[in-house]
Amino acid sequence: MQQEMNESPDTITSVASSPSFRLRQWEGRLDQRMNELKEQHLGENDIHLEIPGRWDSTMYPHVFGMPETLLFLLSQVTRLGNERDMSDLDGGSSILDFRQFSSRARSLERYICTWRPSSSPFHGEDNEDDDLNGNGAFKANTILSSHMVLALHKALLVFFYRRIYDVDPTILQDRVWQVQDSLSRCDRGDIPTAPLLWAAFVAACEALDPTLRDWFTNWFNRSFKASGLQNFKFALNIAKQVWEKQGRSLSSDNSTSWPQVMRDSGMSMFYV
């Protein structure tokens, strides 16, 4: 790890390929770095989204229907959360001290909270001609993409506060309801994509209201029946374990979170 920290910023040595998916160090404020244009070789080779910056030739909006910046922020929260885990579990093996961790956390929190999607459509200029010709499919797809991105953004906020600050779930309920609202607006009877599965899982595990839990239960069950993919059933089973343990912890000072449940059970979550 020390060797990676001393390398040139222009050298891509991916730590995401290792099981730990560790944090890459870089200098400067995140908001300033995100406005800098990546050089071509960085944009093309930073496949694990380790380095902040803007890459205008990215294919993420066309392939996944979402901005690359949103996935970069998800990558950074995952890495910073892993550093927190390493510090807690291994007695301080994180590459960041407390001051560095707090600084990176505040920077990420500020950027995620103020992040807004681009106003431009996600599906390219070809569809603009269809829109001008009165094709309502373009408008419908644009609205659907907007709701999907909104669901992912709100879920990312929930994910951040769970993985970085491990807050009490009562603090997250407004965000959880916002994720549910966006997911319901994305529901057109199609099989949900992997990003929506992730958003639903992150939000469902924090849900405290019985009505909200019932809604997520139905969402996972319908998605499983429509797709046959076990990931939907697996995600729901984890959420139910969290709900059950949260009920037990109401009478104590201990809280339960999905990372804790998965660590205790030796489980990992994979998405299709």
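Here the residue numbering is sequential within each chain, running from 1 through the sequence in written order. In view of the model being predicted, local features appear only for residues whose pLDDT reaches at least 70, and side-chain atom pairs are presented and counted only at 80 or more, with totals across whole chains, interfaces and linings using the full set of residues. To get the side-chain values, take all heavy atoms of the structure and skip hydrogens and water.

Engineer: Kindly report on unusual backbone geometry, identifying the contributing residues and their values.
Structural biologist: Not every positive phi belongs to a glycine, and D166 is a case in point at roughly 50°. For helices the rule is a DSSP run of H or I covering at least 4 residues; for strands it is a run of E covering at least 2, with both sets numbered from the N terminus onward. Locating D166 in the fold gives a position in the loop between helix 8 (136-165) and helix 9 (173-186). Relative accessible area decides the class of each residue, using a 1.4 Å probe on protein chains only: under 20% of the type maximum gives buried, over 50% gives exposed, and in between gives partly exposed. Overall, D166 belongs to the partly exposed group, its relative accessible area being 32%.

Engineer: Account for the packing of helix 10 (residues 194-204) against helix 11 (residues 210-227), with residues named and values stated.
Structural biologist: Here, axes are lines fitted to C-alpha atoms. For helices the fit covers the stretch in contact, and angles between N-to-C directions go from 0 to 180 degrees. Two elements in contact, helix 10 and helix 11, have axes whose closest approach is 10 Å; the angle formed by their N-to-C orientations is 150°. The orientation of helix 10 relative to helix 11 falls into the category roughly antiparallel. Here helix 10 runs over helix 11; the crossing is left-handed. On helix 11, the residues that touch L196, L197, A200, F201, A203 and A204 of helix 10 are F216, W219 and F220. Class assignment of the residues belonging to the contact of helix 10 with helix 11 gives a composition of nine nonpolar, no polar and no charged. Our angle categories are set so that under 35 degrees counts as roughly parallel, over 145 as roughly antiparallel, 65 to 115 as roughly perpendicular, and the remainder as oblique. In this scheme the handedness of a crossing depends on how the near helix is turned from the far one: anticlockwise by less than a right angle means left-handed, clockwise means right-handed. Any two residues whose heavy atoms approach within 4.5 Å at even a single point are treated as in contact. Think of it as three bins: nonpolar holds Ala, Val, Leu, Ile, Met, Phe, Trp, Tyr, Cys and Pro, charged holds Asp, Glu, Lys and Arg, and polar takes everything else, Gly as well.

Engineer: Describe helix 8, listing the residues and the values that go with them.
Structural biologist: Take the number of residues in a helix, subtract one, and multiply by 1.5 Å to get its expected span. Here helix 8 is 30 residues long and its end C-alpha atoms lie 43 Å apart, about the 44 Å a rise of 1.5 Å per residue gives. Among the residues trailing helix 8, D166 stands out with phi positive, at a value near 50°.

Engineer: Got a sec to walk through the packing of aromatic side chains? Specific residues and values, please.
Structural biologist: Side-chain rings of Phe, Tyr and Trp (the six-membered ring for Trp) are treated as a pair once their centres are within 6.5 Å; stacked means planes under 30 degrees apart, edge-to-face means over 60, and tilted covers the remaining angles. Considering all chains together, one arrives at nine aromatic pairs under this definition. Pairing F160 with Y165 gives two aromatic rings, centres 5.4 Å apart and planes at 90°, and the pair type is edge-to-face. Overall, the relative accessible area of 35% leaves Y165 in the partly exposed class. Ring geometry for Y161 versus Y165: centroids 6.2 Å apart, planes at 35°, classification tilted. With Y161 and Y165 both in helix 8 and four residues apart, this pair spans about one turn of that helix. The exposure class assigned to Y161 is buried, which follows from its relative accessible area of 16%. Feature note: the residues F159, W198, F201 and W258 constitute an aromatic cluster, connected by ring pairs.

Engineer: I'd like a rundown of the pattern of salt bridges, residues and numbers included.
Structural biologist: Salt bridges are defined by distance alone: a side-chain nitrogen of Lys or Arg within 4 Å of a carboxyl oxygen of Asp or Glu. Scanning the entire structure with this criterion turns up six salt bridges. The partner of R263 in a salt bridge is D85, and the shortest N-O contact between them spans 3.8 Å. Residue R263 is located in helix 13 (residues 258-265), and its partner D85 is located in helix 5 (residues 68-89); the two are separated by 178 residues in the primary sequence. Judged by relative accessible area, R263 falls into the partly exposed class, the value being 43%. Among the residues examined, D85 registers a relative accessible area of 13% and is labelled buried. Shared partners join several salt bridges into a network, and the residues in it are D85, R163 and R263.

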